Every structure is written in structure tokens, then in C-alpha cells.
Amino acid sequence: MAQSQDNTQEPVAGRAPLIVGGYDFRSLTEAVAVPVERKTPIGWWFFFLPSLAMLGLFGVSIGWLFWEGTGIWGLNNPVNWGFAIVNFVFWVGIGHAGTLISAILFLFRQKWRTSINRAAEAMTIFAVMCALVFPGIHVGRVWVAYWMFPLPNQMDMWPNFRSPLIWDVFAVSIYGTVSLMFWYVGLIPDLATIRDRAKTRIKQIAYGIFALGWRGSHRNWLHYERAYLMLAGLATPLVLSVHSVVSMDFATAQLPGWHTTIFPPYFVAGAIFSGFAMVMTLMLICRVLFRMEDIITMRHLENMAKIMLLTGCMVGYAYGIEMFIAWYSGNPYEQFAFANRALGPYAWAYWIMVSCNVLTPQLFWFKKMRNHIGWLFISSILINIGMWFERFVIVTSSLHRDFLPANWDYYQATFWDFASLIGSFGLFFTMFCLFARFLPLVATAEVKTVLPEADPHQGEELVRVVPAGSGTEPAPQAAPAGGGGA
Amino acid sequence: MGLMTLDVPEASAGYSHYGVLARFETAKALYRACEAVRDAGYSKWDALTPFPVHGLEKAMGLKPSKLPFLVLATGLTGAGLGFALQSWVHILGYPLVISGKPLFTWPAFVPVTFELGVLGAALGAVLGMFAFNKLPTYHHPLFRSKNFARVTDDGLFIAIEAWDPKYDDRDTAEFLSGLGAVEVEHVPIDDPTEDGEAGGAG
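Everything quoted here is computed from the prediction, not taken from an experiment. (Residues numbered from 1 in each chain as written. Chains lettered and ligands numbered in written order. Predicted model: local features only at pLDDT ≥ 70, side-chain atom pairs only at ≥ 80, totals over all residues.)

Summing up its helical and strand segments, chain A has 15 helices and zero strands in all. Here chain A has a C-alpha radius of gyration of 24 Å; the compact-globule value for 486 residues is 23 Å, and the two agree. Across its three principal directions, the C-alpha atoms of chain A cover 80 × 55 × 45 Å. Out of the 486 residues belonging to chain A, those deemed buried represent 48%. If you take every contact in chain A between residues at least 6 apart in sequence, the share linking residues at least 24 apart comes to 80%. (Helix = DSSP H or I, 4+ residues; strand = E, 2+ residues; numbered from the N terminus. Rg over C-alpha atoms; globule rule 2.2 N^0.38 Å. Buried ≥ 20, exposed ≤ 12 C-beta atoms within 10 Å, placed from the backbone. Contact = placed C-beta atoms within 7 Å.)

Structure, rendered in C-alpha cells:
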């Protein structure tokens, strides 16, 4: 069971197995449930305590912000939107990969998603939590944050539904809600597994309450699977709409550098790009820490690297086309904004962005690099740095030199800006550590369905999908039905 | 109603057993057995598995889920309410002319209408699934069986309920053994006078 076999090769006769290590149903349950049940590993504290400290810093920075106001940040007159919006867009983007894995890959029947979808969905929820903090706190007068919602009030005033900012409130909060429901529905059968294995009364009750008395009835599975399919179908347009709406916060402004029609697809591609990088970072750590190398295999990592390469190229294309359109438009303000972006005071940030986001993934053209754990880890960190800088560049480099040169200024982040950025990572990693410790990290019930023995018609079809080396491969009895279809 | 067989109906009064629980070794054996149970004419029975065995509803003769109709209805309700809210706010609640645009600017209402439609549909899918499946149901006679804990691990079961018209204590058990069940047992029905030791958490 410990030996890992290479499942990144695609043999001509069939497909490589998704799960290696010779798991059956029971050993798979064991592999996923044991990390939840055994004593907390030392390595977990190594991640949890620093995260908790960072979360504490988040609390302090928010407390000081409420006391003192937004003056503690480096905002100035042309740059009225700083780290708060940068962090917001960054975190919403991180969440998108989770929904892509759980919903879009589900609709495309990409079965390899089953090993990573649980963790990726959890990541989505925690990322949306981090994102939602910033619009809540950045207004300065937090006690009027409820103005963002259409609530009857004593002033008889209502939000302006023609503004993308209010669309954003709806898009992101509904995205968070739907992601949470999707994740919880997926968790129910696995919570029942933990419930049935639990030895202590407290665990039985705690997991039992959330397992809702699930007993695997096929009459239940029928509705369950239909609900899951429909949630996937709903989450897919939702996730595309969320970052499109976020991009409209910028695109509907008349500011050069923001006022572009390419923003919605460009933001969505970037969001998936950064999100996959974050999934990669988390999975590389988790699979080692919880000994799941045979469930989250090299094939999974390689597939993620391919998606990062694809979305990285899309982001690179968007950077190029922005420059091209700025020149082609003949609009001097537009041309200045982009020349200033690449060569002005924030050129350092622009080139960090380009090198991290466009150059880093290019090494994934080589199979060797897609299978190189060290490079996968380094590149996932570099891409996330690059994607944070992308939002920083869009926000500050467009704002700091607006139409009137008399207004020009340079935005310099303060200690408290960085404290809120680092603190939001603290919130994210604290939540993720708790998730990885107390909930099943892998969607066991779903992974079981991709094991060959889960197929009730095993060995009956004309062409069998048999794991390499199992020795039970029957010869095709007739021409494969879909052979010529491609 | 197929749904009702999930519950312990009032008819269970007077029965000494919930029914027969049989465990099968492979998904293939379970699938064949389900076809046989269906063809034998049983109606109050269920297959219980740790993961959805694909296509088993065919072997069991179950009708497709009606959940999509509910989801369509709640989705349209969400979208409709969203559109109505925005129209009311801008036409009646707080009519404010912004850059000379008309009060009823429906294209600007599309994003929020869409989002609320998705919210309504998603709530319909999840809450509807709970309602159809009668979740949460923390207490069920099957949890009495020690063997049954394997249903969330590797156990593939068929349970035939005692109040099925074709049920017979001995014949049904023998029928299931004949289909290749590796373990067959009679599950006792809950005794209301007893301390509730079983249940969802047990």
C-alpha cells in the first residue's frame, strides 16, 4: 500500500487509475478517517499556531481600524482604494478554483476531481470569508455597514441597484452561501462514516447531528445525487458571474486602465489561476502531512499544473491585449495609463506580476516540471504572489495618476495595511487547519465511486477500464463502440 | 408513494421485526440481487450503500427524482422576487433619477435577479433534498444492527421491511441468502418502552 505507482502515463489500452496503492473500500475509509480520529500530529501544530497568531494580528488591526479610522492605512487622495479592495479581489479569486473543481469539473465528468474537491470547496468557503471581511471593514464607519443591504430603515432610503457595488454584495454573499451548501451536502455521507466509527459519545453526537441520520439508502442517494448535480449546474454560472461582477466594480468606472470590456473574462481566468495555485500549495502540504500520496496522486498534481499553465497563458494574453488595445484605441489617456503601468513608479509591481504570472507557469510545458514536487510548490507560491500583485497593479497604478497631474500621488502601504493582509492569511489558514483536523479531507464516498469495484457492471462491457498491472484485463470481444468517435 | 417506505409507518405496530437485512460482498452482486428483489414483486424495501452505486435505481425500479421541478419553481421564485424588489425600489420605494436615466432600468437589474434566482434554486435543491429524504431522521431501526455500521464503510445492504405484503420471516431471509447475501439478519423493531440507546448517533 505504501509504494506509489506512476499513474501519470496514459497507456494506449485504457486510462491510468486515479487512485494508486491498491485501495479497497475499507482501506480507503481508513485512510481518510484515521487523520480525523487519531491524536493531533505535531506537524499540525506547526501550521496551526502561526496561523492563529496571524489571526490575532488580524483582530488587532481591525480593532485599531475601528478605533482610529481608515487613516491608519496608506490611502491618499487619488488612491482611495488600497489594500482593502486588493485583498478582497484576491480572496474572492482564490475561492473560484474550489468551485471550478467541485462544480465545473463535475459537469465535465472529470473524475480525478474527487480526490481534491472536498479540500478545494473548503478552501472556497474560507477564502470567501476572508474576502467578505474587507468590504465590511473598509468603509471606516462600520456601524453603517448594513446600508449595503436592502433593509427597510428609518431614513426610507434604499440601495442603488444600478451600481455594480451592490451587485457585488449580492454576488459574493450568495456565492458564499451556495458554496457552503454545496460543501455541506457533499460532507453528509462522510460525516456519517465518522459517526459510525466514532468511539466516544461526544464524537458520536457531534458528528451524528451534522450527519442528519444518513444511512446510505439508495432511495436517498437518488435525490441526493440529483441535488448535487443541480447544485453543480447552479454553481457553474454563479462562479463565472461572481468575478465578472467583481470586475465590473472597476470596468464601469471611467478611469483609464479600468474601463475595459476584457475585464470579466480576464478576471475569471485570473481567479481560477490563483485559486489552483492555492489548492496546489494546500494539497502538497496536506498529502504529506496526512499521508495521502496515493489518493492525491501525481496525476492530480499534474492535471492541476496543466490547468495552471492554461489559465496562466490566458492571463498573459489578457496583459498583452490590454497593452495592444491601449495603443490601438488611439486614446492618449489610455495610452498613458498603460505606459505608466509598465514604466512608471509602479513598474516594479508590474514586472513582479508579469514574471510571476506569465513566466512561472511556462515551465509546465515540460512533463518533468509538472511532476517536480519542489517546483510545483515554489511555482504555486510565486503565482499567488503574482496574482496578488495583479490586483495591486490594477488598483493603484490606475488610480495614482488620474486625469489631473495636480492630483498625482504615490500610494505607500503602512504597517496596518500589511497587518490586515497577513491577518487575512491567518484567518484562512486557521480555518483550513481546523477543517483538515476535524473533517474528512477527501470526499470518501465520491472516491469510492471511482474505484473499479464500485462499478456494478464490472467486466461486462466490451472495452474494460482496468488498472494497469491488475492482470484481469479481458480481451476486447468486438470492435469498441466508441473507438472511431474520438 | 415510494417515499413513504423510508419511514416506519403506523402499520409497523404489532410487528416483532423491522425486517430482514442482507449484506452483499460486491456492487455487482448487489445489483443482481436488487433486480431479483424487484422482479419478485417486493415494494417496501431499500438498498443501502456507502456510495451511490450508479444505475441501481434501474435495478430497483425507482422512478427518477422529482427534485428538478421543485428547483425550477424555487429558482423562478427567487429571480421573480429579486426583480420585483429592484423594480419596486427604483419605481416606488425610492425613485431617484440618476444621470437622466429612466426609473425602470431593467438591464441593470439582471445581475441581482440572476443571483437571487441561483440562491432560490440552490435553497430549493438542498432543502428539497432534505424534505424528500426526510432528513434529519436521527432514529431508525436499522441502526440497531451492529453489522449496519459498515454501510458507511464498505457494506452493501438490502433491507426488506416486515410490512411488505410479500414478506415472510423465513422465506424472505432464505430468498436473500439465495441471491448471494453473505450475511442475513432480522432487525428488531424499536421498543418505545426501552431507553433510546440506538439512533443516529449510535
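On to the overall build of chain B, then. The helix and strand inventory of chain B stands at five helices and four strands. Overall, chain B shows an N-to-C arrangement of helices and strands of β-α-β-α-α-α-β-α-β. Going through the 202 residues of chain B one by one, you find that 44% of them count as buried. The contacts in chain B between residues at least 6 apart in sequence include a share of 83% that link residues at least 24 apart.

The next point concerns the environment of A:His223. Residue position: A:His223 is located in helix H7 (residues 218-251). On the neighbour-count criterion, A:His223 (23 C-beta atoms within 10 Å) is buried. Discounting chain neighbours no more than four positions away, the residues touching A:His223 are B:Ser65, B:Leu67, B:Met129, B:Phe132 and B:Asn133.

Attention now goes to the domain arrangement of chain B. Parsing chain B into structural domains produces domain 1 (2-65 + 138-188) and domain 2 (80-133). Computed over C-alpha atoms only, the centres of domain 1 of chain B and domain 2 of chain B are separated by 45 Å. (Domains from an automatic or database assignment.)

Look at helix H8 (residues 263-289) of chain A: 39 Å from first C-alpha to last across 27 residues, which is about the 39 Å you get at 1.5 Å a residue. Where H8(A) ends, the next residue or the one after it, A:Arg291, has phi of about 50°, a positive value. (Expected span 1.5 Å × (residues − 1).)

Residues A:Val178, A:Val279 and B:Ile158 are the most contacted members of the largest nonpolar core, which totals 195 residues. Counting the residues that make up this core, at least three belong to each of domain 1 (2-65 + 138-188) and domain 2 (80-133) of chain B. With near-sequence residues (within four places) excluded, A:Val279 lies in contact with A:Ala97, A:Ile116, A:Ala120, A:Met123 and A:Met304. (Core = buried A, V, L, I, M, F, W, Y, C linked by C-beta atoms within 7 Å.)

With an omega of -5°, the peptide bond running from B:Leu135 to B:Pro136 counts as cis. Following the sequence through the fold, B:Pro136 ends up in the loop between helix H4 (106-133) and strand E3 (156-161). The backbone of A:Arg291 sits at a positive phi, close to 50°, despite the residue not being glycine. Tracing the sequence through the fold places A:Arg291 in the loop between H8 and helix H9 (298-328). Although it is not a glycine, B:Lys134 sits at a positive phi angle of roughly 50°. The residue B:Lys134 is located in the loop between H4 and E3 in this model. Using a count of 17 C-beta atoms within 10 Å as the deciding quantity, one classes B:Lys134 as partly exposed.

What follows covers the environment of A:Ala443. All names here are of chain A. Summarising the element assignment, Ala 443 is placed in the loop between helix H14 (415-438) and helix H15 (444-449). Distance from Ala 443 to Val 288, taken between C-alpha atoms, is 17 Å for residues 155 residues apart in sequence. Beyond its immediate sequence surroundings of up to four residues, Ala 443 is in contact with Thr 114, Asn 117, Arg 118, Gly 186 and Asp 190.

Let us now look at the confidence of the model for chain B. Residue and element names in this part refer to chain B. Here chain B shows a mean pLDDT of 86. Residues at 70 or above account for 87%. Low confidence marks residues 1-7, where pLDDT is under 50. Its contacts with residues over four positions away, or in another chain, come to 12 contacts. Confidence drops under pLDDT 50 across residues 193-202; counting only partners more than four residues distant or on other chains, this segment forms 19 contacts. Interface confidence in the predicted complex, given as ipTM, is 0.88; pTM for the same model is 0.88. (pLDDT = per-residue confidence, 0-100.)

This paragraph deals with the sheet that holds strand E2 (residues 45-48) of chain B. Residue and element names in this part refer to chain B. Pairing is antiparallel across the open sheet formed by four strands, whose spatial order is E2-E3-E1-E4. Each edge of the open sheet is held by one strand with a lone partner, namely E2 and strand E4 (183-188). For this sheet, the mean inter-axis angle between neighbouring strands, taken without regard to orientation, is 20°. In the sheet, strand E1 (residues 17-24) pairs with E4 via six bridges, with the strands oriented antiparallel. Residue Ala 22 lies in a different strand from E4, and its bridge partner there is Val 184. The strands touched by helix H5 (residues 169-178) within the sheet are E1, E3 and E4, with E1 carrying the most contacts at an inclination of about 10°. (Pairing = 2+ DSSP bridges. Axes fitted to C-alpha atoms, helices over the stretch in contact; angles between N-to-C directions.)

In this section: helix H1 (residues 25-37) of chain A. Residues and elements named next belong to chain A. Across its 13 residues, H1 extends 18 Å between first and last C-alpha, which sits within 8% of the 18 Å expected from 1.5 Å per residue. Taken as a whole, H1 carries its principal kink of about 25° at Ala 31; the proline Pro 35 stands between one and four residues after it. All of the buried residues along H1 are Phe 25, Leu 28, Thr 29, Ala 31, Val 32, Ala 33, Pro 35 and Val 36. (Bend = angle between axes of the 7 residues up to and from the residue.)

Residue and element names in this part refer to chain B. By the alternation rule, side chains of E2 split into Trp 45 and Ala 47 and Asp 46 and Leu 48, which are all buried. Strand direction decides the pairing type here: E2 and E3, joined by four bridges, are antiparallel. When the sheet's bridge partners are listed, Ala 47 is paired in E3 with Ile 158.

Looking now at the interface of chain B and chain A. Each partner contributes to the interface: chain B provides 61 residues, whereas chain A provides 54 residues. For the side of chain B that touches chain A, the secondary structure elements donating two or more residues are helix H1 (27-39), E2, helix H2 (56-60), helix H3 (67-93) and H4 of chain B. In terms of residue count, H4(B) provides more of the side of chain B that touches chain A than any other element does, 15 residues in total. When grouped by side-chain class, the residues that make up the side of chain B that touches chain A number 40 nonpolar, 15 polar and six charged. (Nonpolar A, V, L, I, M, F, W, Y, C, P; charged D, E, K, R; others polar.)

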